[in-house]
Amino acid sequence: MKKDEDLKFESSEEELGNAKLGGELKRLRDKLKESEFKAAEYLAGWQRAKADYLNLKREEDEAKNELAAFAKKPILLELIHLADTFDLALSNKESWQNVPENWRQGVEYINKELLAILERNGLVPIDPLGLIFNPEEHHSVGILETTDLNEDNKVIQVLKKGYRLNGQLIRAAQVKVGELKA
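Let us look at the structure shown here. (Residues numbered from 1 in each chain as written. Predicted model: local features only at pLDDT ≥ 70, side-chain atom pairs only at ≥ 80, totals over all residues. Heavy atoms only, no water.)

### Comments concerning the nonpolar core
Note the following rule: Working definition of a nonpolar core: buried Ala, Val, Leu, Ile, Met, Phe, Trp, Tyr and Cys residues. They are joined through side-chain atoms within 4.5 Å. Each residue is assigned to one of three classes by its accessible area relative to the maximum for its type, calculated with a 1.4 Å probe on protein chains only: buried under 20%, partly exposed between the two thresholds, exposed over 50%. Secondary structure is summarised from DSSP: a helix means a run of H or I of at least four residues, a strand means a run of E of at least two, and numbering begins at the N terminus for each. It only takes one pair of heavy atoms within 4.5 Å for two residues to be counted as in contact.
Core analysis: the largest hydrophobic core is formed by 14 residues, its most contacted members being L118, L123, Y163 and I170. Counting only elements with at least two residues in this core, the list comes to α2 (73-91), α4 (101-120) and β4 (162-165). Looking at this core, the element that brings in the most residues is α2, giving five residues. Contact partners of L123, with chain neighbours within four places excluded, come to L76, I80, L118, Y163, R164, L165 and I170.

Take a look at the structure:
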């Protein structure tokens with residue numbers, strides 16, 4: 001049989017071993033918590049970096065698209081001048097009716113194709129006839145006196161249409177505005 005002293009010694013060793021295991025277990029738990037905290041911190045940082053990257057990529061794509069759209073601006077402005085020439089030619093109804101039918105149809109077709117090209121490239125005409133004068137979109141080149149209250153401060157005549165390129169005004173419409181005669 002074992003003596004009390006031997007039992008105490010074994011129990012002390014057991015307690016000491018349990019204490020060491022408990023200390024080791026506590027140290028490992030602390031290390032695990034620290035590792036989990038660092039992992040969460042790294043994950044959050046990675047997620048922020050990924051979100052920043054995606055935002056930057058989206059902004060860069062938008063900037064490229066805008067640059068591409070406005071890189072066409074000089075050539076489109078020249079084509080607008082051509083469209084103005086067609087508008088001027090087609091506006092004189094009396095002279096236009098005297099032109100041979102085949103020739104008239106050909107010119108009208110070319111004008112229609114030109115307008116389609118402008119539209120496909122993001123150019124939208126502004127024809128403000130009958131609208132209230134808006135100095136942000138219209139350039140008044142004259143005033144026409146009127147006795148009609150409904151024409152006061154409204155666009156009565158459009159000399160040249162305005163144009164927007166992808167939503168941005170690139171040329172204001174040249175107009176004459178009605179002014180009520182007192």
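### Looking at the packing of aromatic side chains
Our working definition: Two aromatic rings, drawn from Phe, Tyr or Trp (for Trp, its six-membered ring), form a pair once their centres lie within 6.5 Å of each other, and the interplanar angle then sorts them: stacked below 30 degrees, edge-to-face above 60, tilted otherwise.
Here the structure, examined in full by the defined rule, presents one aromatic pair. A centroid spacing of 6.1 Å and a plane angle of 55° characterise the contact between W96 and W103, whose relative ring orientation is tilted. W96 sits in the buried class, given a relative accessible area of 8%. Exposure remark for W103: the relative accessible area of 52% places this residue in the exposed category.

### Some points on the sheet that holds strand β1 (residues 123-126)
Just so we agree on the cut-off: Two strands form a pair only when DSSP identifies at least two bridges running between them. Axes here refer to lines fitted to C-alpha atoms; in helices the fit is confined to the stretch in contact. Angles between the N-to-C directions go from 0 to 180 degrees.
Across the sheet, three strands lie side by side as β1-β4-β5; this open sheet has antiparallel pairing. At either margin of the open sheet sits one strand with a lone partner, and together these are β1 and β5 (168-171). If you compare each strand with its neighbour and ignore which way they point, the axes differ by 35° on average. Alignment of β4 against β5, held across three bridges, turns out to be antiparallel. Residue pairing across strands places L165 opposite Q168, the latter belonging to β5.

### Some words on α4
Rules: One fewer than the residue count of a helix, multiplied by 1.5 Å, yields its expected span. This arc is built from the directions going out from the helix axis to the C-beta atoms.
Taking 1.5 Å of rise per residue, the 20 residues of α4 would be expected to cover 28 Å, and the 28 Å separating its terminal C-alpha atoms lies within 8% of that figure. Regarding α4, the residues found buried are R104, V107, N111, L114 and L118. Each buried residue of α4 lies within a common arc of 90° when the element is viewed along its axis, so the set occupies one face. In this structure, α4 carries N102, K112, E119 and R120 as exposed residues pointing more than 90 degrees from its buried face. Those residues of α4 hidden inside the fold are in contact with α2, α3 (93-97) and β1. G122, located one to two residues past α4, shows a positive phi value of around 85°.

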